[in-house]
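# Chain and residue survey
Listed here are the chains, written in short residue letters.
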Amino acid sequence: MRTAPGLRAEPLCPPNPLWASNGIVAGPDGRLWIAQFLGGTVSAFDPATGGLETVLGPDGPLTAPDDLVFGADGELFVVDLPAGWCGAGHPAGP
């Protein structure tokens, strides 16, 4: 990696399995749901176990999910800006 004279660059943290995590919301199942814009996926992170599950994508309707929210009844809404797509559905439990 090239830097300006007098500067240095070094990693401060290990690689991360998430790709441009734009949106994150606490789900009704206790997991943190994450919209990964560059990964083209929605994942669910379980803080109790440290497990990360891909719930939607990358082979589904998503191209670059930007944000997500749960409705009062547990329905998940996902916005995918580049595709001009907004989807909704009830996800399966953990």
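Everything here concerns the structure above.
Let us look at the structure shown here. The shown structure was predicted, so the numbers you read here are calculated from the model rather than taken from an experiment.

What counts and how
- The residue count restarts for each chain, going from 1 along the sequence in the order it is written.
- The model is predicted, so local features are restricted to residues of pLDDT at least 70 and side-chain atom pairs to those at 80 or more, both for listing and for counting; the totals for chains, interfaces and linings are taken over all residues.
- Side-chain measures were taken over the full set of non-hydrogen atoms in the model, leaving aside hydrogen atoms and water.
- Any Lys or Arg side-chain nitrogen located within 4 Å of an Asp or Glu carboxyl oxygen qualifies as a salt bridge.
- Residue exposure (1.4 Å probe, protein chains only): buried if accessible area is under 20% of the type maximum, exposed if over 50%, otherwise partly exposed.
- Under the DSSP-based scheme used, a helix requires at least four consecutive residues in state H or I and a strand at least two consecutive residues in state E, with every element numbered from the N terminus.
- Here a Phe, Tyr or Trp ring, Trp counted by its six-membered ring, pairs with any other such ring whose centre lies within 6.5 Å, and the pair is stacked when the planes are under 30 degrees apart, edge-to-face when over 60, and tilted otherwise.

## Concerning the pattern of salt bridges
Under the criterion given, the structure shown has two salt bridges. Linking Asp29 and Arg31 is a salt bridge whose minimum nitrogen-to-oxygen distance equals 2.7 Å. Residue classification places Asp29 among the partly exposed residues on the basis of a relative accessible area of 24%. By relative accessible area, which is 6% here, Arg31 ends up buried. Notably, a salt bridge pairs Arg31 with Glu53, separated by 2.6 Å at the nearest N-O pair. Note that Arg31 is positioned in the loop between strand E1 (21-26) and strand E2 (32-36) and Glu53 in strand E4 (residues 52-56), a separation of 22 residues in sequence. Through salt bridges with shared partners, a single ionic network connects Asp29, Arg31 and Glu53.

## Points about the packing of aromatic side chains
On inspection of all chains with the given rule, the structure shows one aromatic pair. Where Trp33 meets Phe70, the ring centres are 5.3 Å apart and the plane angle is 85°; that geometry is what we call edge-to-face. Of this pair, Trp33 sits in strand E2 while Phe70 sits in strand E5 (residues 65-70), and the two are 37 residues apart along the sequence.

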